[in-house]
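Commentary on secondary and tertiary structure
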Amino acid sequence: MYLSNLFTNPDMQEKYLDIFTSSFLPLVKGALYYTIPLTLITFAIGIVLAVITALMRLSNVKFFRGVARAYVSIIRGTPLLVQLFIIFFGLPSLGVTISPFYSAIIGFSLNMGAYNSEIIRAAILSIPKGQWEASQSIGMTTAQALKRVILPQATRVSIPPLSNSFISLIKDTSLASTITYTEMFRKSQEIAAQNYEFLLVYSEAALIYWMICVALSFVQDRVENRMERYIAK
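I will try to describe carefully the structure that is included in this document. Predicted model, so just to flag it, every value in this text is computed and none were measured. (Residues numbered from 1 in each chain as written. Predicted model: local features only at pLDDT ≥ 70, side-chain atom pairs only at ≥ 80, totals over all residues. Heavy atoms only, no water.)

Next up on the list: the overall build of the chain. Helix and strand content of the chain: nine helices and zero strands. Mapped in sequence order, the helices and strands of the chain form the string α-α-α-α-α-α-α-α-α. Rg of the C-alpha trace for the chain: 22 Å, well past the compact-globule value of 17 Å for 233 residues, more than 25% over. With the C-alpha coordinates of the chain rotated into their principal frame, the extents come out at 80 × 55 × 30 Å. Buried residues in the chain amount to 35% of all 233 residues. At a minimum sequence separation of 6, the contacts of the chain that also span at least 24 residues come to 71%. Within the structure as shown, the chain displays about 13500 Å² of accessible surface, and the carbon and sulfur contribution to it stands at 66%. One finds the centroid of the 19 positive side-chain charges in the chain at a distance of 19 Å from the centroid of its 13 negative side-chain charges. (Helix = DSSP H or I, 4+ residues; strand = E, 2+ residues; numbered from the N terminus. Rg over C-alpha atoms; globule rule 2.2 N^0.38 Å. Buried < 20%, exposed > 50% of the residue type's maximum accessible area, 1.4 Å probe, protein only. Contact = heavy atoms within 4.5 Å. Areas by Shrake-Rupley, 256 points an atom, 1.4 Å probe, with all protein chains shown as cover. Lys, Arg positive; Asp, Glu negative; His and termini not counted. Charge placed at Lys NZ, Arg CZ, Asp CG, Glu CD.)

Right, dumping it as structure tokens:
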């Protein structure tokens, strides 16, 4: 009935077109001003945490390995939404109040750090031991070998899964709407609450998410193809 009226009723078509066009710019602004910056910031912090955690997991110091393993286990074993709620709604009971923006940054960064640490750790472990031995044979210390030889190669290996992680983060940032951070999906909720056209507005938000992910996937393919030029076949 809904679709039948949509395709046969000119007045409804005009109404929906007007809602679609009037909502598009606010949603795009929500993506450009809030969703994408939040994604970039949290992914950058998450990468730093991931590298540190991965190196701790590979450390010979048992304490470091234990701390890193516990961190990864807790974050990967609990839902991201619960983590956001604990930070934003739970910490105030301990006297710690954090704004929605910084709560989102903390929550997403910790989550990305845990998941991406396993990607980076696997990438480092994929480098043949002979690379370590060759580096040490020419006088490099472990730190120098890691910085100059191992990590550059591991970076190339980890780019595809990290790119997928980044694209997933774009979509996951919609969860920030649950802690009142006004990113794109929160903006769509506000618009839909005014015109009550939830299906149309949410579908429009989904379309914009999809367009962003398609663009990022295209960039990812170009980067991967460029990296393959330096791989011996």
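Alright, that's what it looks like, and here's the rest.
Before going further, it helps to examine helix H3 (residues 62-76). Over its 15 residues, H3 runs 21 Å from end to end, which matches the ideal 21 Å to within 8%, given 1.5 Å per residue. When we look at burial in H3, the residues that qualify are Ala-68, Tyr-71, Val-72 and Ile-75. Looking straight down H3, one finds its buried side chains confined to an arc of 95 degrees; they lie on one side. Residues of H3 that are exposed and point more than 90 degrees away from the buried face comprise Lys-62, Phe-63 and Ile-74. (Expected span 1.5 Å × (residues − 1). Arc of directions from axis to C-beta.)

In contact at an axis separation of 10 Å, helix H6 (residues 129-137) and helix H7 (residues 142-172) are set at 135 degrees when each is read in the N-to-C sense. As judged from the angle between their axes, H6 and H7 are oblique. Seen along the crossing, H6 lies across H7 with a hand that is right-handed. On H7, the residues touching Gln-131, Trp-132, Ser-135 and Gln-136 of H6 are Thr-142, Ala-145, Leu-146, Val-149, Ile-150 and Gln-153. Of the residues assigned to the contact of H6 with H7, the class counts are five nonpolar, five polar and no charged. (Axes fitted to C-alpha atoms, helices over the stretch in contact; angles between N-to-C directions. Parallel < 35°, antiparallel > 145°, perpendicular 65-115°, else oblique. Left-handed = near helix turned anticlockwise from the far one by under 90°. Nonpolar A, V, L, I, M, F, W, Y, C, P; charged D, E, K, R; others polar.)

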